[in-house]
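# An overview of the molecular structure
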Amino acid sequence: MSYKILIVDDEPIICQGLSQTIPWENYDIEVVGAVYNGKEAINQISIHPEIDIVITDIRMPNVDGLELSAFIKTNFPNIRVIIISGYDDFEYAKRAIKLGVKDYLLKPVDIDELVDNVKKITTEIEKERRQQVDLLTSSIIKQISLTNEDHGILKEHEHIRIYPLMTMQRDYQRRVRGLTTEDIDLFKKKWMGSVEKRIGDVLGENSFSIFTDENILLTCVMKELDENETGKLEKNIENEDSLLLVLGDRTISISELKDYYKKLLDTGRYLLSINKKTIMASDQLCVRKFEHQYPQEIENLLFDALLYKKKVDYLNVSHTLFAYFKENQFLLDEVVGICCELLVKFINYYESLGRKKVQPFALNYKNHVNIFSHNSYEILQKMFEEDLVTIIEKLGLDHEETNDWLIERALEYIRQFYREPIKASEVANVVNISANYFSTIFRQKTGKTFNEYVNLLRVNEARKLLSETSLRVGVIANNVGFHEYKYFVEVFKKFTGMTPTEYRNLYNRELGG
């Protein structure tokens, strides 16, 4: 933390000597100017209100040291004043003390004594700054946590104006993977230090930061920024390759931060879904221009791929799904919602097929997924595919016999409704897979096409009715599901080698013989 000093003395040799011969940089102190009278000093302070300490002579033309001290006390009470004088006059000392002067040193100045006094003052300043930051941080935490209790600290700082911005680490989970808790803390300290240093370098202003979430650093600049300063800040922080930046669009009071923080978060959610590093907070930016369509066709493909145990298939479907998300710029929390829905729907569907109740098991998407720490499509896709593998293992979908129960469910339905004008697509819908997949696996498991299997059931039922009843052949054809007589005769002959009438006559002769 650096400190700024202004040196004022009407003797050029003393003025330049104090500013140039003392190694102020060793004490983290910057000399912002060396002027020769109080009037020039007032001008410098007006230009550099961030000055922390003024070292001034008493006897000077235009405005003397005591008049300068009075001006500082009235207008810049945070600036500390050290008076040096060649006059060992108690009255000067008393007046200086009343004006809040920190020290009164006699010429010739003892350099070691002066440096010691300055170091004591900077220690006090640092302590006060830390206390101020702690109080401001407390106010900010109360705001963003939506706490309505104890606003005493907040009211104390209502007059303070801040410029808020938010940074996130790109691919945060990858960056912290394998790090210990201590390593992560160090990583975050460096991140915070880098942001605050860049702000100091560009604006020459103090800022303070707090982590409001695992991968969200909220930083407040203690200054009203114009568009030019905002642009410089954006370019400087952009140089930090790993950072994503949400800039505020205006300076606000601390009391506004609760609502404004939501605006930063919403803009941050949008930023994670587009190929940019920085963005300006906006109320309109995240408004959807259209409603995203739920990927129903991709859901069907995924369910088929899982049930048919083809690893390349379900991974390909996952890639297709996330390509759809990227192409349509789904927000990451929307991606999380859809992935969670897909997994839950598949497990429920599995249970609905007549299998045993699924016992609960852990999935990435069953827990709350923090999109600011899992902040890329790639990370969310990896988590989704891990969950697919878990589901395959837990439900036993990687075993060869897994498809048997699916076909059994289809066969039960066919046996119940084969007398109706049933179609393969209808049964496929019942077991919730595509018609093409259903036709393929049905033939694999039964050795017959769907139509062959249904017609065989109908013919077997017709044979029974022909042999056990006196119903007319046309009535039997209709009863077993054939509504065209010629087609019934054709199919019956294909399976039995004879027409229905020939079959009945043969059966009656054998029965009579």
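For the structure given in this document, a descriptive report is provided here. Here the structure is a predicted model, which is why all the values come from computation and not from measurement.

Conventions used here
- Residues numbered from 1 in each chain as written.
- Predicted model: local features only at pLDDT ≥ 70, side-chain atom pairs only at ≥ 80, totals over all residues.
- Heavy atoms only, no water.
- Pairing = 2+ DSSP bridges.
- Helix = DSSP H or I, 4+ residues; strand = E, 2+ residues; numbered from the N terminus.
- Axes fitted to C-alpha atoms, helices over the stretch in contact; angles between N-to-C directions.
- Contact = heavy atoms within 4.5 Å.
- Buried < 20%, exposed > 50% of the residue type's maximum accessible area, 1.4 Å probe, protein only.
- Patch = residues over 30% accessible without salt bridge, like charges linked within 9 Å, V, L, I, M, F, W, Y side chains within 5 Å.
- Areas by Shrake-Rupley, 256 points an atom, 1.4 Å probe, with all protein chains shown as cover.
- Salt bridge = Lys/Arg side-chain N within 4 Å of Asp/Glu carboxyl O.
- Lys, Arg positive; Asp, Glu negative; His and termini not counted.
- Charge placed at Lys NZ, Arg CZ, Asp CG, Glu CD.

## Notes on the sheet that holds strand E3 (residues 53-57)
Here five strands make up an open sheet; going across it, the order is E2-E1-E3-E4-E5 and the pairing parallel. In this open sheet, the two strands that pair with only one neighbour each are strand E2 (29-35) and strand E5 (103-106). Strand-to-strand, the axes of this sheet are offset by a mean angle of 20°, without reference to chain direction. In terms of strand pairing, strand E1 (residues 3-8) meets E2 through six bridges, oriented parallel. Paired with Ile5 across the strands is Val31, a residue of E2. Its contacts with the sheet place helix H1 (residues 12-20) against E1, E2 and strand E4 (80-85), and it is angled at close to 170° to E2.

## Quick notes on the pairing of strand E6 (residues 161-169)
The side chains of a regular strand alternate between the sheet's two faces. Burial runs high along E6: eight of the nine residues are buried. Pairing of E6 with strand E8 (residues 216-221), which is carried by five bridges, proceeds in the antiparallel orientation. The residue of E8 that forms the bridge with Pro164 is Cys220. One ladder, built from five bridges, connects E6 with strand E9 (residues 243-247); its direction is antiparallel. Opposite Met168, over in E9, you have Leu244 as the bridge partner.

## Some points on a negative patch on the surface
A contiguous patch of negative charge, built from Asp110, Asp112, Glu113 and Asp116, is present on the exposed surface. Relative to the helices and strands, Asp110 resides in the loop between E5 and helix H5 (111-144). Here Asp110 falls in the partly exposed class, since its relative accessible area comes to 41%.

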